[in-house]
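Single-letter residue listing:
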Amino acid sequence: MKLLFRLATDRFTLDWYRVSQNDPATVRPNDTSIGRLRLMPQSKMLDWKDNTFRDGVPSVLSADPEVTLGPPLFEQTEYQLYLQAHRPHDVIQIQHRDPLIIKGLNSQDQGRVVHGNLNFRGQIGQSLFSIVLNGQRVLDFELEVFPTKIDYETDYQDMLADVQQTLTGLAFEYLRSTYQRGKVAPGQQSTKLEWLILFESIIHELEQALDYVTRRPTRALIRREQMLRIERVRRVDSSVRSQVRRGQGKGAMVSLLNVNVREQIKQSPPELTLDTHEHRWLKTQLLAVQRTLSQCSGPLRGPTNDTESLRGPTNGSGPLRGPTHYSSSPRQSTDTLRHQATTQAITKLKTRVDRLLRLEPIAAAQGDPPPGFASLQLVSAAGYREAYRLLLLLRSGLRLEGDLLSLSVKDLEVLYEYWTFLTVVSMLQAEFGPPQRLDHWFKLDGSKLSVQLRGGLGQQISFQAGPQRVIHVAYNPRFRNQAAMLIPQKPDILIRLEEDGWPILQLVVDAKYRIDATAEYRQQFGSFGPPRDAINALHRYRDAILEIDQAETSGSVAKRSVVQAVAVFPLDDHSSENYRSSRLWQALQRLGVGAIPFLPSTRELFREWLLGTVRMGGWALSDRAITHVADQRAVAWRAAARDAVWVGVLRSPGAREHLEWIKRERCYYQPLRKTQSRQFSVKQVALYQSGELSKPSAIRYVADVIDLEIVERSAIETPWPARRNGPMIMYRLGPVNRIPTSIPFCPGDYMPAQGRWTTRLGLERAKSINEVALETEAEWRLLEWLRANGIKYTLRAEPPKRQDPENPQGRVWFHLGPTHVRHSGPNGYLIRQAGRTDQYLSLEGLKDSQINSSYVT
């Protein structure tokens with residue numbers, strides 16, 4: 001452990017240690033910053049001792065309250081505190097506004113010793129501790145916590161500024177261990193957009209509070225002068241007696257107990273009223289809300305730069321900023337709809353405010369409250385205090401500047417996530433214009449003391465990137481479709497690309513405020529970067545976030561939808577100077593998974609990736625998607641199953657002469673059969689060679705068909721005489737090549753003398769002549785299953801028949817003992833057994849049946 005500072009007085013001694021010097025390596029060295037230690041004695045009786053110590057500060061200045069220098073403290077670092085009172089019966093404590101920071105401290109020796117560990121986690125800024133001796137606060141000391149991964153003076157402050165630019169309250173948090181200095185800025189009101197979002201969030205609670213006030217209003221007693229008939233006077237005071245003596249009043253004189261009195265005299269009886277200063281104050285605030293709503297529903301004006309639609313007017317006045325209207329843009333119609341939707345939403349809010357103004361206590365209030373009005377009832381009575389707090393929330397603005405208030409800021413990892421999301425939105429907004437919707441961005445937590453970003457796909461922000469393309473950005477979406485995934489997935493930021501004709505393509509951005517700066521990591525990846533578990537999480541997101549493809553003919557199929565996944569992490573511009581040569585950057589383009597440094601000072605690489613990716617069309621993005629090798633092979637074989645192949649038989653005898661003629665002339669002919677349409681769609685011609693040339697007999701050659709024509713046999717010049725006359729179909733071939741692995745004639749095989757039809761799939765996969773007759777994908781699926789389960793079978797091909805390309809059917813019977821199976825197109829597999837009725841089963845049904853149990857090897 002290293003002693004960072006010691007506060008030694010005649011009454012107590014406090015030692016503050018750094019627990020370990022072997023913390024995880026970080027990019028920014030921790031020993032170069034100048035820290036803060038401000039001493040604020042609360043008792044004049046403290047006597048500082050000579051052994052008071054501050055690391056990095058001359059010893060003669062260590063106990064000087066005017067010196068604010070001290071050792072720097074850092075986030076995510078373990079510290080140990082040891083506080084001891086010197087006198088036997090003293091009880092000493094250390095206090096902090098955040099109970100979590102001191103929850104690891106223990107008291108011993110009947111309260112004379114306090115010790116334990118502290119960790120500020122991801123909280124940055126100043127932190128105030130108090131030492132309490134025998135119930136009396138004797139010393140306050142203020143420390144400052146610095147970030148380890150970013151620059152405190154530039155990147156951190158820029159992140160705060162960017163977040164505040166969108167919504168000031170989004171940067172704040174209540175009751176944290178550290179704080180930034182700030183002030184109340186009544187002239188710096190929330191922007192119209194922020195005000196509208198806040199009001200929309202509190203309107204329901206405001207209605208509840210004012211409805212409660214209506215049910216249980218507080219009334220006031222007032223006295224108003226009025227003329228009363230003498231019989232209605234209930235209380236005779238000095239004013240009544242004076243009027244009687246002087247004969248004042250109205251009406252004729254009447255005798256009352258031998259006293260002459262006017263029929264009516266003036267009196268001020270007490271009466272209850274709802275016209276109180278508290279109700280006047282509430283009404284004044286509701287009228288101000290109504291005026292602001294009217295301003296928000298005024299004409300929309302377009303932003304003048306890439307962030308203005310997020311910021312709104314900086315002086316808190318003017319209409320709500322809306323989308324720019326481009327004269328020849330496809331967004332023009334959506335701008336009009338957006339304007340209408342915004343106007344309708346504001347109109348509904350105005351209607352709700354109008355109802356509040358008609359409530360009895362509010363409607364009874366007449367006039368304005370006195371200037372500088374303050375009321376204990378307004379801030380403490382049930383209903384009144386809630387309405388007062390909510391309405392003040394709309395009036396005040398807070399900024400992280402000045403030094404009057406201590407404003408707690410969100411933990412740095414949360415702030416980094418928020419900043420990343422808002423910067424992604426800002427970049428897309430600068431490229432594609434204002435988003436389609438701006439509401440529901442933020443939410444207030446249950447205590448109304450924290451503003452947070454709303455998460456989930458239902459809160460996504462949309463950009464119109466073209467007539468047929470929309471880009472959605474969502475924060476913390478949760479994927480939990482049980483049909484598509486086992487474990488719910490929740491990435492930080494999801495960018496969804498919707499384009500006509502394409503399924504949804506997605507990009508994942510994970511904000512990781514963590515960095516591995518070890519030499520081993522840098523040697524492996526060529527740069528500092530996020531921890532390995534963060535990279536593994538990206539692989540998980542890419543493979544686990546699935547979409548149900550309803551377009552599949554085989555039913556609902558879960559498929560990958562994430563094209564690329566990137567982790568952003570805090571690396572400054574100096575350390576990321578040669579980042580393009582790192583494996584983390586190169587893997588993003590090659591594998592679809594990687595990492596990019598991202599800070600206010602290092603945005604360009606991320607901007608290049610983000611905008612370069614979203615500008616791609618569906619085809620280009622699909623090229624970036626990593627496909628499974630089995631998927632690629634399945635696609636290739638499905639295509640091969642559609643290509644017809646004719647397996648021709650060489651003449652016998654004369655096979656060598658026939659083969660040489662085909663190679664030389666690059667031609668092959670056969671009789672024209674008008675009933676066999678596949679003759680006109682042949683893609684390849686394969687050649688079966690009998691044992692005359694080499695043994696065993698096999699299919700050994702293949703050539704692509706370039707063209708075909710119909711000719712008479714007499715027009716074809718060959719070294720051998722014609723055996724038959726009539727029209728022939730002549731195939732013009734490409735080079736005749738030897739098949740890499742010939743297809744042999746095996747015992748039990750049958751090769752028709754005139755040749756055989758197959759497909760390119762059969763030619764590429766067959767291991768025997770009989771298997772060449774397997775022409776459809778379904779037949780090969782059955783064959784693979786039989787082989788995998790060791791089931792004996794033999795094959796028998798029916799004569800060739802016309803195939804329907806949209807509904808291919810097999811012509812090969814699989815003989816499984818007494819059971820015969822053949823693919824029958826949409827009917828599934830035809831099962832035929834002697835003495836039984838034919839039945840049709842799917843492949844899964846066939847697997848579940850017991851018809852093959854006695855034929856397993």
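That block above? That's the structure.
Residues numbered from 1 in each chain as written. Predicted model: local features only at pLDDT ≥ 70, side-chain atom pairs only at ≥ 80, totals over all residues. Heavy atoms only, no water.

**Q** What am I meant to see in the packing of aromatic side chains here?
**A** How two aromatic rings sit relative to each other is given by the distance of their centres and the angle of their planes. Per the stated rule, a full pass over the model turns up 22 aromatic pairs. Considering the side-chain rings of W661 and Y669, the 6.0 Å spacing of their centres and the 85° angle between planes classify their relative orientation as edge-to-face. For the pair shown, W661 and Y669 are each scored as buried. Site record: aromatic cluster; members linked through ring pairs are F5, W16, Y79, F120, F129 and F141. We note R522 situated over the ring of F528; from NZ or CZ to the ring centre the distance is 4.6 Å. (Phe/Tyr/Trp six-rings, centres within 6.5 Å; stacked < 30°, edge-to-face > 60°. Buried < 20%, exposed > 50% of the residue type's maximum accessible area, 1.4 Å probe, protein only. Lys NZ or Arg CZ within 6 Å of the ring centre and 35° of its normal.)

**Q** What should I look at first to understand the side chain of T13 in this one?
**A** Examined against the element boundaries, T13 turns out to sit in strand β2 (residues 12-18). Taking relative accessible area as the criterion, T13 reaches 16% and is therefore assigned buried. Within polar-contact distance, the side chain of T13 engages the side chain of H86 at 2.9 Å. If we ignore the near neighbours within four places in the chain, the residues touching T13 are R6, L7, A8, Y82, L83, Q84 and H86. (Helix = DSSP H or I, 4+ residues; strand = E, 2+ residues; numbered from the N terminus. Polar contact = N/O pair within 3.5 Å; in protein donor to acceptor, adjacent residues only side chain to side chain. Contact = heavy atoms within 4.5 Å.)

**Q** I keep staring at helix α4 (residues 277-296) and nothing clicks. Help me out?
**A** Because an α-helix completes one turn every 3.6 residues, residues spaced three or four positions apart along the sequence face the same direction. Taking 1.5 Å per residue, 20 residues should reach 28 Å; α4 reaches 29 Å between its end C-alpha atoms and fits that length. When α4 is considered as a whole, its buried residues turn out to be E278, H279, R280, W281, L282, K283, Q285, L286, V289, T292, L293 and C296. (Expected span 1.5 Å × (residues − 1).)

**Q** Is there a simple way to explain the pairing of strand β7 (residues 79-85) in this structure?
**A** Look at any regular strand and the pattern is simple: side chains alternate between the two faces of the sheet. Here β7 shows one buried face, formed by Y79, L81, L83 and A85, and one open face, formed by Q80, Y82 and Q84. As paired strands, β2 and β7 are joined by seven bridges and run antiparallel to one another. Bridge pairing links D15 to Y82 in β7. Across six bridges, β7 lies against strand β10 (residues 113-118) in antiparallel orientation. When the bridges of β10 are listed, Y79 appears paired with L118. (Pairing = 2+ DSSP bridges.)

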